[in-house]
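# Structural characterization, general
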Amino acid sequence: MNATQRRAAAVLAAAALATPLVLASPATAGQDPTAAPARDAAKLAKKLVRETSAQDAYKHLQKFQAIADSAGGHRAAGSLGHDASAAYVYTQLKKAGYDVRYQKFDFEYTETLAEKASVVSPAPRTLAVKAMTYTKSTPVGGITAALAAVPVDADGTTGCEPGDFASGTFTGKIALIKRGGCTFAVKQQNAAAAGAAAAVIYNNTAGALSGTLGDAASGKIPTGGLTQAEGEQLAADLAAGPVSLSLEIRQLQQIRSTNNVIAETRGGNAANTVMLGSHLDSVTAGPGINDNGSGSAGLLQTALELAKSKDKVRNKVRFAWWSAEENGLLGSEHYVKNLSSLDKNEIKLYLNFDMIASPNYGLFVYDGDDSDATGAGAGPAGSAQLERDITDFMDKRGVPHEGTDFTGRSDYGPFIEVGIPSGGTFTGAEGIKTAGQAAKFGGTAGVAYDVNYHAKGDDLKNINMTAFDVNIDVIANAVGTYAHDISSLRKPVVSVPTTGDAGSGGGLHADHDEVTS
């Protein structure tokens, strides 16, 4: 046998030995093919929950506070404060080894210059008014005019039809309109068409009312929001006789550029991309340390711990820090709008974390399956499983929780619209904590979850570390689990309606300058 023949024989012998091993390996293993992903997911999730601490994440909050302090007191999109916050997040992620990019877009920057209201007669008193985003402005010094109430229809709505405004009744007056039934934009547009000089819209639930008219083109007259109590008192005053109001609402509006920050693992199967996000911008009224420095910091620290783990993830993990959320979810809308069909199909889930450390917190999980039967319906297929995975994790740790209406009023909204399973957690904004919730979570009944919501006081002193820690654990567990295993999204959910205060609307995030009433 010559050398060539010997080499050929050796190759054949090696093939003969190898072939039975290849053919036998699946049968020999006799294992569930999902065992390894599930095992690795559990291992990584446990590690990230252990290593990702609220104390470490708090350091990012300190940075956001320092940035706001040096940039006019806020970190609003289109401002130096937001630019510096985005640069800080970008740099941290780049150093950690992520593939990081800015996503730039233009938007209508708004900054409230004045929001004042008071009753001039019959009994003078000051009113707490919040300027609607994209409102028209009054002259400097404001206007003084008679108040006229829009009647509430039989269906409980008001101001949604031109016919709600009786001819001549509102000319030159300030229209008092109850929230509900249609967008704030429609209400003030109808008031403007009826000749009203301005509009004040009062809440239909307890708490302050902060909202948006959608865009600058929709704003027709100066428009502000009032609490339910103030609105009802004004309506009662009108029933007894004429009421005169002084109103000054002025707002700067101009086109500016801003950036989302998008980071993803360099490895992992892009066809199974798991995504988590938080908005990084604040309102112009304050530094936004709870809203939403808290979610941004928790997400950032989890991403850094994932990078430190050196874990070779099976699925691509993508993180996003959205801009211009406070202007109407503009950053997340821009991102989703620019996704191709393939991009959308590759994103298997989106989890949103917005306000996760409210001082008088509740622990709310978005109601993906609509088991609470409150408000909006269920999210896209898979949302119920995301809710279940979060609540199962909290249950195992003995952490109480409630559902909150899946309204799409934060940055998961655009993902829901294109059918991407979504979920997340939230600790409450301007809504009022019930007695049942105080018994469950602690804190004070009859007080807002965050009394500094959209205000100057949303600073480092506004953070509840217990709520912060609980929600960071939720983030860490989700990242560790879904980085390896998304099989739970295919497992059926048995919906069990919650009882008591759950789903009652107490956890509703009416932030984000909601477009709808």
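Note: the structure precedes this text.
Just so it is clear, the model here is predicted, and its values are computed rather than measured.

### Quick notes on the overall build of the protein
Broken down by element type, the protein carries 13 helices and 14 strands. Across the 517 residues of the protein, 55% fall into the buried class. Considering only residue pairs separated by 6 or more positions, the protein has 82% of its internal contacts joining residues 24 or more positions apart. About 20,500 Å² of surface is accessible on the protein, with carbon and sulfur atoms providing 55% of the total.

### Topic: the state of the cysteines
With the rule as written, the count across this model stands at 1 disulfide. The disulfide partner of C160 is C182, and the gap between their sulfur atoms is 2.2 Å. Judged by the sign of its S-S torsion, about -95 degrees, the bond between C160 and C182 is left-handed. Taken together, the residues C160 in the loop between β4 (143–149) and β5 (174–178) and C182 in the loop between β5 and α5 (184–193) connect sequence positions 22 residues apart. Neither residue differs from the other here; C160 and C182 are each classed as buried.

### Thoughts on helix α4 (residues 80–96)
Here α4 spans 24 Å end to end across 17 residues, near enough to the 24 Å set by a 1.5 Å rise per residue. Along α4, the residues classified as buried are G81, H82, S85, A86, Y88, V89 and L93. Within α4, the buried residues cover an arc of 155 degrees as seen down the axis, which keeps them to one side. Exposed and facing more than 90 degrees away from the buried side of α4 are L80 and K95. In this structure, the buried side of α4 is in contact with α3 (54–69), β1 (99–121), β8 (244–264), α7 (289–309) and β10 (315–322). G97 sits one or two positions beyond α4 and adopts a positive phi of about 105 degrees.

### Quick notes on the packing of helix α2 (residues 35–51) against α7
Where α2 contacts α7, the two axes come as close as 10 Å, and the packing angle between them is 125 degrees. Regarding the angle of α2 to α7, the classification is oblique. Seen from above, α2 lies across α7 with right-handed handedness. Contacts between α2 and α7 involve L44, K47, L48 and E51 on the former and, on the latter, E305, L306 and S309.

### A closer look at the layout of surface pockets
To locate leftover empty space, one rolls a probe as large as a water molecule over the atoms. As a volume, the largest pocket reaches approximately 500 Å³. Along the wall of the largest pocket there are 21 residues; nearest its centre are D389, K396, N477, T481 and S488. Those elements that place two or more of their residues in the lining of the largest pocket are α2, α10 (383–396) and α13 (465–482). It is α10 that contributes the most residues to the lining of the largest pocket, 6 residues altogether. A per-class count over the lining of the largest pocket returns 9 nonpolar, 5 polar and 7 charged.

### A word on the packing of aromatic side chains
Summed over the entire model, instances satisfying the criterion amount to 17 aromatic pairs. Plain terms: the ring middles of W322 and Y335 are 5.2 Å apart, the flat faces sit at 55 degrees to each other, and that makes the pair tilted. Pair noted here: W322 is in strand β10 and Y335 is in helix α8 (residues 330–337), with a separation of 13 residues, a long-range link. Under the relative-accessibility criterion, W322 is labelled buried at 0%. Ring geometry for F364 and F426: centres 6.3 Å apart, planes at 40 degrees, overall tilted. With F364 in strand β12 (residues 364–366) and F426 in strand β14 (residues 422–426), this pair connects stretches of sequence that are 62 residues apart. Here F364 matches F426 in class, with each residue buried. A cation over an aromatic ring shows up here: K433 above the ring of Y361, its NZ or CZ 5.5 Å from the ring centre.

Calculation notes
Residues numbered from 1 in each chain as written. Predicted model: local features only at pLDDT ≥ 70, side-chain atom pairs only at ≥ 80, totals over all residues. Heavy atoms only, no water. Helix = DSSP H or I, 4+ residues; strand = E, 2+ residues; numbered from the N terminus. Buried < 20%, exposed > 50% of the residue type's maximum accessible area, 1.4 Å probe, protein only. Contact = heavy atoms within 4.5 Å. Areas by Shrake-Rupley, 256 points an atom, 1.4 Å probe, with all protein chains shown as cover. Disulfide = S-S within 2.5 Å. Expected span 1.5 Å × (residues − 1). Arc of directions from axis to C-beta. Axes fitted to C-alpha atoms, helices over the stretch in contact; angles between N-to-C directions. Parallel < 35°, antiparallel > 145°, perpendicular 65-115°, else oblique. Left-handed = near helix turned anticlockwise from the far one by under 90°. 1 Å grid on protein atoms, 1.4 Å probe; cavity = no way out; pocket = protein on both sides within 12 Å on 5 of 7 lines; lining within 4 Å. Points joined across faces, edges and corners; volume = space filled by probe spheres on them. Nonpolar A, V, L, I, M, F, W, Y, C, P; charged D, E, K, R; others polar. Phe/Tyr/Trp six-rings, centres within 6.5 Å; stacked < 30°, edge-to-face > 60°. Lys NZ or Arg CZ within 6 Å of the ring centre and 35° of its normal.

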